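Each chain is listed here by its residues.
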There are 2 protein chains.
Amino acid sequence: MKLSTQEEYGLRCLLQIARLESTSKQPVTIGEISRVEGLSVANVGKFVRALRLGGFVDSERGHTGGYRLARPATEISVRDVLDTLGGKLFDAEFCEEHSGAIGACTHSVECSVRSLWNSVQFLVDRLLNQISLHDMLGGEREFASCLTERAEGLLQVAEVERDSAGPSLAHEHHPPTP
Amino acid sequence: MKLSTQEEYGLRCLLQIARLESTSKQPVTIGEISRVEGLSVANVGKFVRALRLGGFVDSERGHTGGYRLARPATEISVRDVLDTLGGKLFDAEFCEEHSGAIGACTHSVECSVRSLWNSVQFLVDRLLNQISLHDMLGGEREFASCLTERAEGLLQVAEVERDSAGPSLAHEHHPPTP
DNA sequence: ATTAATCTTGACCTTTTTGTCAGCAAAGGA
DNA sequence: TCCTTTGCTGACAAAAAGGTCAAGATTAAT
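This structure is a prediction, so every number in the text was calculated from the model and none was measured.

Colleague: Any chance you could break down the protein's contact with DNA strand D for me, citing the residues and the numbers?
Modeller: Close contacts around DNA strand D come from 24 residues, with A:Ser40, A:Lys46, A:Arg61, B:Ser59 and B:Tyr67 the closest. Expressed as a percentage, the sugar and phosphate content of the atoms of DNA strand D within 4 Å of the protein is 82%. Separating a base oxygen of DNA strand D from a side-chain N or O atom of A:Lys46 is a distance of 2.6 Å. At a separation of 2.6 Å, a phosphate oxygen of DNA strand D approaches a polar side-chain atom of B:Arg52. Looking at the surface near DNA strand D, the elements that each hand over two or more residues are α3 (41–53) of chain A together with α3 (41–53), β1 (57–60) and β2 (66–69) of chain B. Taken together, the residues that form the surface near DNA strand D break down as five nonpolar, 12 polar and seven charged.

So, in structure tokens, the structure goes:
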């Protein structure tokens, strides 16, 4: 289970846009992000493009151009950002394509795996969904306590899910075809 | 956040070895796994090799050869398997390499991200660590209830962690260098 | 108008991951 | 002994991901 570089750096770039914009009140340029993150300008360009296509930032061209958050940092959830930059743990597409001829999962482990990935994704989503960009802008200490608070909330949600027979396990999954 | 094919299929192969061995009492051949999982023989060979190097299966050569679980299915945790097949969410290596010249994270977001990845990994690890191969061998229904039970336990552990200032957030992380 | 600063895009190259192949090694049965 | 069935390995090929580059488009300042 790995993060793509687009997820890792895309999120960092977005955080920098939020951070730099909030102090300078100016649009944040690719050059600035490149400098503070230690990435090439061209590379940052790609990440920031993904962020723009995802609707997280607005761009302004020209001499005083740059990027701004499209919404307040409190209204951007890290989950949405990561989903846009890197996709889900598994794609639902596989489910449809192969279910016709054979019914459920061809592979005879009966897809216990899909239940597993599903609950992993469910758990992670629940956590990330409660974390906003704004939460990540304070110091690392503050954010750490924020994380544990959210994790606590998450647990309660998870217990409710358990009592109601667990929608987190209801999704379909088929593995990629080689 | 994606699973590598080695994680996805390696785990499936291991499950098949456990399943087929338990019914036939014979070593499970690559050919059998290949058939039930719909993968090429050569490909299964690679996955199974990783499993052997990870110490999860033992091999026997020759006419009646094949693979057997190295330990009972109840004593193999899915977390260990996935860690071996795909590695951690982030590697600790980066932390050491770049900390000398600059101190903490160069990248000026102050590495709130590392706290984030850390807690995600912590959460996932806690869940997977409680799931054994054996848990995944029953029907999907049984496994689903197993998962929710384990998730419940996980929550309690997480709360303990919170009360003791959260070791889950204590680890270092630096992003890959481009 | 011209220029300089900025974003935008598509094409290209490099690296990593994934999958295949051919040849070797071991073990059992004829 | 020889042959068949199995696992084992390293080299290769294909595909995906990651990164760079060059040429364009837009805007503000001069």
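Colleague: Account for the protein's contact with DNA strand C, naming residues and giving values.
Modeller: Every one of the 24 residues lining DNA strand C counts as a neighbour, but A:Arg52, A:Ser59, A:Tyr67, B:Ser40 and B:Lys46 are closest to it. Between a phosphate oxygen of DNA strand C and a side-chain N or O atom of A:Ser59, the distance comes to 2.8 Å. A distance of 3.1 Å separates a sugar or linking oxygen of DNA strand C from a polar side-chain atom of A:Arg61. Listed by contribution, the elements that provide at least two residues to the surface near DNA strand C are α3, β1 (57–60) and β2 (66–69) of chain A together with α3 of chain B. With four residues, α3(B) is the single largest residue contributor to the surface near DNA strand C. Its residues assigned to classes, the surface near DNA strand C shows five nonpolar, 12 polar and seven charged.

Colleague: Describe the packing of helix α4 (residues 78–86) of chain B against helix α6 (residues 112–129) of chain B, and please don't skip the residues or the numbers.
Modeller: Residue and element names in this part refer to chain B. Contact pair α4 / α6: the axes reach a minimum separation of 7 Å and the direction vectors enclose 125°. In terms of orientation, α4 lies oblique with respect to α6. Judged by residue contacts, Val78, Arg79 and Leu82 of α4 engage Asp125, Leu128 and Asn129 from α6. When its residues are assigned to classes, the contact of α4 with α6 shows three nonpolar, one polar and two charged.

Colleague: Residues and numbers for the packing of aromatic side chains, please.
Modeller: The description of an aromatic ring pair rests on the distance of the ring centres and on the angle between the ring planes. All names here are of chain A. Inspection of the entire model under this criterion finds two aromatic pairs over all chains. Between tyrosine 9 and phenylalanine 47, the ring centres sit 6.0 Å apart and the planes meet at 25°, which makes this aromatic pair stacked. Of this pair, tyrosine 9 sits in helix α1 (residues 5–24) while phenylalanine 47 sits in helix α3, and the two are 38 residues apart along the sequence. Judged by relative accessible area, which is 4%, tyrosine 9 ranks as buried. The class for phenylalanine 47 is buried, based on a relative accessible area of 5%.

Colleague: How would you explain the pattern of salt bridges if you had to name every residue and give the values?
Modeller: Going through the model one piece at a time under the given rule, you end up with 16 salt bridges over all chains. Note that A:Arg12 is salt-bridged to A:Glu37, the shortest N-O span being 3.1 Å. Taken as a pair, A:Arg12 in helix α1 and A:Glu37 in helix α2 (residues 30–37) lie far apart in primary sequence, 25 residues in all. Across this residue pair, the class does not change: A:Arg12 and A:Glu37 are buried. Residues B:Asp83 and B:Lys88 are paired through a salt bridge, measuring 3.4 Å at the closest nitrogen-oxygen approach.

Colleague: Would you mind going over the nonpolar core in detail, with residue names and values included?
Modeller: Ranked by size, the top nonpolar core spans 88 residues in total, and within it A:Leu11, A:Leu116, B:Leu11 and B:Leu116 carry the most contacts. Every residue in contact with B:Leu11, bar those within four places of it in the chain, is listed here: A:Val113, A:Leu116, A:Trp117, B:Gln6, B:Val78, B:Val81, B:Leu82, B:Leu85, B:Leu133 and B:Met136.

Colleague: Give me the lowdown on helix α6 (residues 112–129) of chain A, citing residues and values where you can.
Modeller: Every α-helix carries 3.6 residues per turn, so stepping three or four residues along brings you back to the same face. For α6(A), spanning 18 residues, the distance from its first C-alpha to its last is 26 Å, which sits close to the expected 26 Å at 1.5 Å a residue. When you tally the buried positions in α6(A), you get 16 out of 18 residues, the bulk of the element.

What counts as what
Residues numbered from 1 in each chain as written. Chains lettered and ligands numbered in written order. Predicted model: local features only at pLDDT ≥ 70, side-chain atom pairs only at ≥ 80, totals over all residues. Heavy atoms only, no water. Near = heavy atom within 4 Å. Polar contact = N/O pair within 3.5 Å; in protein donor to acceptor, adjacent residues only side chain to side chain. Helix = DSSP H or I, 4+ residues; strand = E, 2+ residues; numbered from the N terminus. Nonpolar A, V, L, I, M, F, W, Y, C, P; charged D, E, K, R; others polar. Axes fitted to C-alpha atoms, helices over the stretch in contact; angles between N-to-C directions. Parallel < 35°, antiparallel > 145°, perpendicular 65-115°, else oblique. Contact = heavy atoms within 4.5 Å. Phe/Tyr/Trp six-rings, centres within 6.5 Å; stacked < 30°, edge-to-face > 60°. Buried < 20%, exposed > 50% of the residue type's maximum accessible area, 1.4 Å probe, protein only. Salt bridge = Lys/Arg side-chain N within 4 Å of Asp/Glu carboxyl O. Core = buried A, V, L, I, M, F, W, Y, C linked by side-chain atoms within 4.5 Å. Expected span 1.5 Å × (residues − 1).

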